[in-house]
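Survey of secondary and tertiary structure
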Amino acid sequence: MTLHDDAVLVLKGYEDQPELRQAYLDHLSAHPDGLRKSCTAGHLTASALVIDPERGRVLLTLHRKLRMWLQMGGHCEPGDATLAAAALREATEESGIADLTLLPGGPVRLDRHAIPSPCNWHLDVQYAVLAVPGAVQTISDESLDLRWFPYDEVADVADESVVRLMEATRARL
């Protein structure tokens, strides 16, 4: 199975956000390269919120280019077999935490956001990953900072997309 086929299956099985889900499926149908950065009409990305439920906190990255507090995430790579694997890889690379595990149940949310040209759109498939107690993060080259935030402080530093992802993740725990 290809990454494209996996993405279609994942999205068909995702029952929330039906209009956005259909927009993602339509995009993949119209653009066989819709998972690649080279697709200038937009492309699917995979992200993951790193969560420490025992301590009631999430790990956010201060994105180097955007200068915003965000969940870990990014573009699918040729070696990614699934969207979930891409999200886990991105979370591991950007957090420096090696033993993250995906929260069961597939994607937590979808988020479509405009990005600067030449691409135009990121169609983000958002997962959540669990950090083990005592996990220690390491800042990557893609980040200006990496910090744990208590649930009730996320809305003070991050945009609505991150807040919605955190709330959906907490509801799934």
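Structure: see above.
Note that the structure is predicted; figures quoted are calculated from it, not measured.

**Description of helix α2 (residues 18–30)**
A rise of 1.5 Å per residue sets the reference length of α2, with its 13 residues, at 18 Å; its end C-alpha atoms lie 18 Å apart and thus fit the reference within 8%. For α2, the full list of buried residues reads Arg-21, Tyr-24, Leu-25, His-27 and Leu-28. The arc enclosing the buried residues of α2, seen along the axis, measures out at 155 degrees, which places them on a common side. In this structure, α2 carries Pro-18, Glu-19, Ser-29 and Ala-30 as exposed residues pointing more than 90 degrees from its buried face. Where the residues of α2 are buried, they touch α1 (3–13), β1 (43–52), β6 (109–114) and β7 (121–130).

**Things to note about the packing of aromatic side chains**
Applying the stated criterion across every chain yields a total of 1 aromatic pair. Centroid distance Trp-69 to Phe-149: 5.0 Å. Interplanar angle 80 degrees. Geometry classified as edge-to-face. Separated by 80 residues along the polypeptide, Trp-69 in strand β3 (residues 69–70) and Phe-149 in strand β8 (residues 143–150) bring together distant segments of the chain. Against the face of Trp-148 rests Arg-57, its NZ or CZ located 4.0 Å from the ring centre.

**Remarks on the packing of α1 against α2**
Helix packing geometry: the angle between the two helix axes and the distance between the axes. Running from amino to carboxyl end, α1 crosses α2 at an angle of 155 degrees, the nearest separation of the two axes being 10 Å. Relative to α2, α1 is oriented roughly antiparallel. For the element pair α1 and α2, the recorded crossing hand is left-handed. Where α1 abuts α2, its residues His-4, Ala-7, Val-8, Leu-11 and Lys-12 lie against Arg-21, Tyr-24, Leu-25 and Leu-28. In the contact of α1 with α2, the residues fall into 6 nonpolar, 1 polar and 2 charged.

**Some thoughts on the nonpolar core**
Core analysis: the biggest nonpolar cluster contains 33 residues, and Leu-35, Leu-44, Val-50, Leu-83 and Tyr-127 have the highest contact counts within it. Discounting chain neighbours no more than four positions away, the residues touching Leu-83 are Leu-3, Asp-6, Ala-7, Val-10, Leu-35, Leu-44, Ala-46, Cys-76, Val-125 and Tyr-127. In this structure, Leu-60, Leu-103, Ala-158 and Met-166 belong to the second largest nonpolar core, which totals 18 residues.

**A closer look at the layout of surface pockets**
By volume, the largest pocket amounts to about 940 Å³. His-63, Leu-66, His-75, Ile-115 and His-122 are, among the 38 residues lining the largest pocket, the residues nearest its centre. Broken down by secondary-structure element, the contributors of at least two residues to the lining of the largest pocket are β1, β2 (57–63), β4 (72–75), α3 (83–95), β6, β7 and α5 (160–172). For the lining of the largest pocket, the per-class residue count stands at 11 nonpolar, 15 polar and 12 charged.

**Re the pattern of salt bridges**
Overall, the coordinates contain 6 salt bridges when judged by the stated rule. Several salt bridges converge on common partners, so that one network encompasses Asp-80, Arg-89, Glu-90 and Glu-93.

The rules behind each value
- Residues numbered from 1 in each chain as written.
- Predicted model: local features only at pLDDT ≥ 70, side-chain atom pairs only at ≥ 80, totals over all residues.
- Heavy atoms only, no water.
- Helix = DSSP H or I, 4+ residues; strand = E, 2+ residues; numbered from the N terminus.
- Expected span 1.5 Å × (residues − 1).
- Buried < 20%, exposed > 50% of the residue type's maximum accessible area, 1.4 Å probe, protein only.
- Arc of directions from axis to C-beta.
- Contact = heavy atoms within 4.5 Å.
- Phe/Tyr/Trp six-rings, centres within 6.5 Å; stacked < 30°, edge-to-face > 60°.
- Lys NZ or Arg CZ within 6 Å of the ring centre and 35° of its normal.
- Axes fitted to C-alpha atoms, helices over the stretch in contact; angles between N-to-C directions.
- Parallel < 35°, antiparallel > 145°, perpendicular 65-115°, else oblique.
- Left-handed = near helix turned anticlockwise from the far one by under 90°.
- Nonpolar A, V, L, I, M, F, W, Y, C, P; charged D, E, K, R; others polar.
- Core = buried A, V, L, I, M, F, W, Y, C linked by side-chain atoms within 4.5 Å.
- 1 Å grid on protein atoms, 1.4 Å probe; cavity = no way out; pocket = protein on both sides within 12 Å on 5 of 7 lines; lining within 4 Å.
- Points joined across faces, edges and corners; volume = space filled by probe spheres on them.
- Salt bridge = Lys/Arg side-chain N within 4 Å of Asp/Glu carboxyl O.

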